[in-house]
2 protein chains.
Amino acid sequence: MSDDTYWTGDPYELLRAEPGFRLADQPTDATPGFKGGKADREKALADGESVLAGLQELLFACGREGESRSVLLVLQAMDTAGKGGIVSHVIGAMNPGGVHYAGFGKPTPEELAHDFLWRVWREVPKAGQVGVFDRSHYEDVLIGRVRNLAPADEIERRYGAINAFEQELTEAGTTIVKVMLHLGRDEQKKRLASRLERPDKLWKFNPADVDERLRWDGYQDAYQLMLERTSTENAPWFVVPADHKSYARVAVQQLLIVALQRLDLRWPTPNYDVEEQKRRLAES
Amino acid sequence: MSDDTYWTGDPYELLRAEPGFRLADQPTDATPGFKGGKADREKALADGESVLAGLQELLFACGREGESRSVLLVLQAMDTAGKGGIVSHVIGAMNPGGVHYAGFGKPTPEELAHDFLWRVWREVPKAGQVGVFDRSHYEDVLIGRVRNLAPADEIERRYGAINAFEQELTEAGTTIVKVMLHLGRDEQKKRLASRLERPDKLWKFNPADVDERLRWDGYQDAYQLMLERTSTENAPWFVVPADHKSYARVAVQQLLIVALQRLDLRWPTPNYDVEEQKRRLAES
């Protein structure tokens, strides 16, 4: 169902982390499945905006009429991998009235006093919405594991808890699209350095970003384990090479388009008599 | 501070409902302050997108660094006046990660069991955010008054309660931009009729829209009273003629741009030593 003007294959198939997937073998500067160069990727992104916006309006309309379907995009990545750009350039094309964005930062004391899924449940999309998680419950098996923020057996327990949570959401009508933006170590260094060169980007830099960077290998191991344990049939992971921002954006856009197309939605049938309403309106 | 390429005057001044303002005297098909025709309005809107997005990023950056400022756009109007288009075409230009959208529909039983401001408080923007209320607490003095959904003395009480609420928000750092989209009665009839002609728009039509239309004069009176009682110095109302969608959009965009410019924000000074971080990063 992918767009063959720009794609040699369906990113939904090409980018999925299947059993046996090894993160360390995946180049971060590749552009799998896309036919052209940067200019083509930018054109494809611009072309895709109205397609995505149209599908989202259809989802929203169905939600209003009692359909239980929704879509949830989960974004995970190392710092500077481009989550913010995806939110702005891909999600930004949809009507804000039908999008529910949730960014998950360092847990608050209230959040820490609950199970790790508590704050996540509060932000899942309603029927008809496209939800976006900018970081997510996966932080609890990523930074949680790398920095030993919970006992080892609790971290172990979480993979199963996440799979059960996502199965519940899926059964209730949510299509979950989980994207790991896969960034190269050198590319991250460049991007962090460029934030330190621009007065209007200094606010995006945090010394803690370097602390996390120093644990790069630990994070790659934690991501590998996350992919192995939680890339399920219900809710597979997609690993998107992210050194080229234009590729990552158009690939995530296409993943959302395909996810929405697969719902095969139709404009709802009105629960009123159209001709009767035309008469009432004419007389008003 | 308005953009004089397109504007003969500042919409922040031109569109404000001052004491003595009479809604019935305002044409709904005017384009006050704007120099050109439809094509110019569309070009101005496109030009303004990056300006608005840039100002919003600055607000967001300041919010992250402890500034308490935020902006809240309140949208009120008769059905089909174009609230949805404003959300999509004006708000949609900003990064969804910094925007908080809240649509207020018919209150739920839980909402009705609380004071009318309860559900509104839960949705006010955080520091750094641009909040959008698609309908708002003003419904409680509009449909609330027209349909006698509360005793007369309770409706009366609400104007003062709203002013106190908005003063509290303003003092805490929120700039409130209240917009009434002012639509003509005939134009509404056309727009409702066109929804009944298109299979992909039938879901937007609700027979209750005609019921409300039949109370047109009652609503105009309720709006007039709302403007008189709640257009304060802190939080003035702007009445935007809405028969031309392209005008309403560019006018609301300009109101937001001016509101953000008036905050006179600067990129935050980093709370870390930039040179030290460059060294740490180089070694990483």
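Placed above this text is the structure.
Keep in mind the model is a prediction, meaning the values are calculated, not measured.

Here we look at the sheet that holds strand β1 (residues 70-77) of chain A
Residues and elements named next belong to chain A.
In step 1: With respect to topology, five strands assemble into an open sheet ordered β2-β3-β1-β4-β5, the strand pairing being parallel. Strands at the two margins of the open sheet, each flanked by one partner only, are β2 (99-103) and β5 (237-241). The average undirected angle you get between the axes of adjacent strands in this sheet is 20 degrees.
In step 2: Summarising the sheet, strand β4 (residues 174-182) and β5 pair through five bridges and their orientation is parallel. Within β5, the position partnered with Val179 by the bridge is Phe238.
In step 3: Sitting on the sheet, helix α10 (residues 216-230) touches β1, β4 and β5, and the angle it makes with β5 is about 140 degrees.

Quick notes on the relation of the copies chain A and chain B
In step 1: For these two chains of identical sequence, chain A goes onto chain B by a turn of 180 degrees and a shift of 0.0 Å along the axis, with RMSD 0.0 Å. These values place the two chain copies in the arrangement generated by a two-fold rotation axis. Every residue of chain A has its C-alpha some distance from the rotation axis, and the shortest such distance is that of A:Gly92, at 3.0 Å.
In step 2: Taken as a fraction of all interface residues of chain A, those also at the interface in chain B reach 100%, which identifies the copy contact as same-surface.

Overview of the pairing of strand β3 (residues 130-134) of chain A
Residues and elements named next belong to chain A.
In step 1: Burial of β3 is extensive: five of the five residues sit out of reach of the surface.
In step 2: Summarising the sheet, β2 and β3 pair through five bridges and their orientation is parallel. Considered in β3, the bridge of Gly103 is made with Asp134.

A few points about the packing of aromatic side chains
In step 1: Tallying each qualifying case throughout the model produces 18 aromatic pairs over all chains.
In step 2: Taking 4.9 Å as the distance between ring centres and 55 degrees as the angle between the ring planes, the aromatic pair formed by A:Tyr12 and A:Phe238 counts as tilted. Taken as a pair, A:Tyr12 in helix α1 (residues 11-14) and A:Phe238 in strand β5 lie far apart in primary sequence, 226 residues in all. The residues A:Tyr12 and A:Phe238 share a single accessibility class, namely buried.
In step 3: Ring plane angle 80 degrees and centroid distance 5.0 Å describe the contact between B:Phe104 and B:Phe133, whose orientation is recorded as edge-to-face. Of this pair, B:Phe104 sits in the loop between β2 (99-103) and α4 (109-112) while B:Phe133 sits in strand β3 (residues 130-134); the two residues are 29 residues apart in sequence, bridging distant segments of the chain.

Cut-offs applied
Residues numbered from 1 in each chain as written. Chains lettered and ligands numbered in written order. Predicted model: local features only at pLDDT ≥ 70, side-chain atom pairs only at ≥ 80, totals over all residues. Heavy atoms only, no water. Pairing = 2+ DSSP bridges. Helix = DSSP H or I, 4+ residues; strand = E, 2+ residues; numbered from the N terminus. Axes fitted to C-alpha atoms, helices over the stretch in contact; angles between N-to-C directions. Contact = heavy atoms within 4.5 Å. Least-squares fit on C-alpha atoms with pLDDT ≥ 70 in both. Buried < 20%, exposed > 50% of the residue type's maximum accessible area, 1.4 Å probe, protein only. Phe/Tyr/Trp six-rings, centres within 6.5 Å; stacked < 30°, edge-to-face > 60°.

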